[in-house]
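One-letter residues, chain by chain:
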Amino acid sequence: MFSSKSVMQDLLLLQQAMVNNQRLECKHFFDKYEKILQSSLSDGARPYQVAAKIPDDEISWCLMPTDIPGNLSPKKATADGNCLYFSMSIALTGKEELAHALRLLVAAELYLEADFYAQHPYFEKDFKKCNYSESTRFAIALSSDYEDVRNRRDVVVQEATITCRNGKWGAMLQIMALASVIGRPIFAVYPDTVNQAVRSFCHGVVNPKMQLPNQVSKGNMVFIMWTRTSFVPQNATLEPNHFVPLMPSVGCNRPPFLFDENEFPPLQKISEPSKR
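Here is a short report on the structure shown in this document. (Residues numbered from 1 in each chain as written. Predicted model: local features only at pLDDT ≥ 70, side-chain atom pairs only at ≥ 80, totals over all residues. Heavy atoms only, no water.)

## Thoughts on helix α9 (residues 152-163)
Part 1 of the argument: The end-to-end C-alpha distance of α9, which contains 12 residues, comes to 16 Å, matching closely the 16 Å that a straight helix rising 1.5 Å per residue would cover.
Part 2 of the argument: Of all 12 residues making up α9, nine are buried, and the element is well covered by its neighbours.
Part 3 of the argument: Residues of α9 that are buried: Arg-152, Val-155, Val-156, Val-157, Glu-159, Ala-160, Thr-161, Ile-162 and Thr-163. (Helix = DSSP H or I, 4+ residues; strand = E, 2+ residues; numbered from the N terminus. Expected span 1.5 Å × (residues − 1). Buried < 20%, exposed > 50% of the residue type's maximum accessible area, 1.4 Å probe, protein only.)

Given below as structure tokens:
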């Protein structure tokens, strides 16, 4: 077993190893926490049953798009900069306990496979409503702003280093690495927004590494939603600042996707809850 304190200490050590370009040391941390992750997921628990005790996130209900399966509910996740990892931990186990271990694995994955993430297949997808260049898509996927992103590999290494910081929020690049860490496809759900180009890029399936872009693994799809911690002021642009997990409703024995991305349940328009 592990404690949050021990993971925090290892995150600092991992960051130092990255700064010193100690690749073998970074691989050691990845292997260590990959075993912890696999051990934590081997108990056979059904995360959506555990997560049923977590309150729904009402703001996310109001932002839920209509082009996703209708049997999903947004669950609250702690909003402290670690929300992407809290959300994934809930999706996997029904609890937030794996969040810091997932952060460490994502940071190490980005560092060790920087060449792959610099040219991730997702950047080359045919986005119907996104007319951004591939270099612009790469910049949008980052969790921080950079003056120069032409050397993608170096930028990914920088992203890996800052991902080691507790409370550093994640973005599309971290979602790409997270899919590989858990070995399952992630559907990143983005609310409807006036900026359809950004939504087209940020809304969709991210496949794990070592998999053709048009394939979905036989493991269950994980749904993570871009959302907000507060309502958007009237006439303001919607800018997500939070993540929450979307969990299948209790009593639903069939996951949103089984073995094929084309196995969509009938799309349902989700009505907004009444305002209180």
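## Let's talk about the packing of helix α1 (residues 4-19) against helix α2 (residues 23-40)
Part 1 of the argument: Following both chains from N to C, one finds α1 and α2 inclined at 150°, their axes separated by 9 Å at the closest point. Here α1 lies roughly antiparallel to α2, going by the angle between them. Judged by the twist between their axes, the crossing of α1 over α2 is left-handed. Judged by residue contacts, Ser-6, Val-7, Asp-10, Leu-13, Leu-14, Ala-17 and Met-18 of α1 engage Glu-25, Cys-26, Phe-29, Lys-32 and Tyr-33 from α2. (Axes fitted to C-alpha atoms, helices over the stretch in contact; angles between N-to-C directions. Parallel < 35°, antiparallel > 145°, perpendicular 65-115°, else oblique. Left-handed = near helix turned anticlockwise from the far one by under 90°. Contact = heavy atoms within 4.5 Å.)

## Considerations on the environment of Ser-60
Part 1 of the argument: Turning to its location among the elements, Ser-60 is positioned in helix α4 (residues 58-63).
Part 2 of the argument: Other than its neighbours up to four places away in sequence, Ser-60 contacts Pro-74, Met-225, Thr-227 and Val-244.
Part 3 of the argument: One polar contact links Ser-60 to Asp-57, side chain to side chain, over a distance of 2.7 Å. (Polar contact = N/O pair within 3.5 Å; in protein donor to acceptor, adjacent residues only side chain to side chain.)

## What about the packing of aromatic side chains?
Part 1 of the argument: This structure, assessed with the given rule, holds seven aromatic pairs.
Part 2 of the argument: Between Tyr-122 and Phe-201, the aromatic rings sit 5.4 Å apart at their centres with planes inclined by 65°, giving edge-to-face as the arrangement. Of this pair, Tyr-122 sits in the loop between α7 (114-118) and α8 (134-140) while Phe-201 is found in helix α11 (residues 196-202), placing the two residues 79 residues apart along the sequence. The same class applies to Tyr-122 as to Phe-201, namely buried.
Part 3 of the argument: Here a set of aromatic residues connected by ring pairs shows up, and it is made of Tyr-122, Phe-123, Phe-138 and Phe-201.
Part 4 of the argument: Over the ring of Phe-123 we find Arg-152; its NZ or CZ atom is 5.7 Å from the centre of that ring. (Phe/Tyr/Trp six-rings, centres within 6.5 Å; stacked < 30°, edge-to-face > 60°. Lys NZ or Arg CZ within 6 Å of the ring centre and 35° of its normal.)

## Details of the pairing of strand β2 (residues 186-189)
Part 1 of the argument: Neither face of β2 is open: one carries Ile-186 and Ala-188, the other Phe-187 and Val-189, and all of them are buried.
Part 2 of the argument: Alignment of β2 against strand β4 (residues 222-227), held across four bridges, turns out to be parallel. Looking at β4, one finds that Ala-188 is bridged to Ile-224. (Pairing = 2+ DSSP bridges.)

## A few points about the pairing of β4
Part 1 of the argument: Of all six residues in β4, six are buried; the element is thus mostly enclosed.
Part 2 of the argument: The side-chain alternation of β4 yields two buried faces, one formed by Val-222, Ile-224 and Trp-226 and the other by Phe-223, Met-225 and Thr-227.
Part 3 of the argument: Pairing between β4 and strand β5 (residues 242-248): five bridges, direction antiparallel. When the bridges of β5 are listed, Phe-223 appears paired with Leu-246.

## Regarding the side chain of Arg-152
Part 1 of the argument: Along the chain, Arg-152 turns up in helix α9.
Part 2 of the argument: In this structure the side chain of Arg-152 is engaged in a polar contact, spanning 3.5 Å, whose partner is the side chain of Glu-134.
Part 3 of the argument: If we skip the residues at most four places from it in the chain, Arg-152 touches Ala-118, Gln-119, Phe-123, Glu-134, Ser-135 and Phe-138.

## So, the side chain of Ser-87
Part 1 of the argument: If you trace the backbone, Ser-87 turns up in helix α5 (residues 83-93).
Part 2 of the argument: Not counting chain neighbours up to four residues away, the residues in contact with Ser-87 comprise Ala-77, Ile-224, Phe-243, Val-244 and Pro-245.

## Description of the nonpolar core
Part 1 of the argument: One finds Leu-14, Met-88, Leu-102, Met-172, Ile-175 and Phe-201 to be the most contacted residues of the largest nonpolar core, which totals 72 residues.
Part 2 of the argument: No other element matches the 11 residues that helix α6 (residues 99-112) contributes to this core.
Part 3 of the argument: Aside from chain neighbours lying at most four places away, what touches Leu-14 is Cys-26, Phe-29, Leu-104, Ala-107, Ala-108 and Cys-164.
Part 4 of the argument: Of all hydrophobic cores here, the second largest spans 12 residues; its members include Leu-72, Met-221, Phe-223 and Val-244. (Core = buried A, V, L, I, M, F, W, Y, C linked by side-chain atoms within 4.5 Å.)

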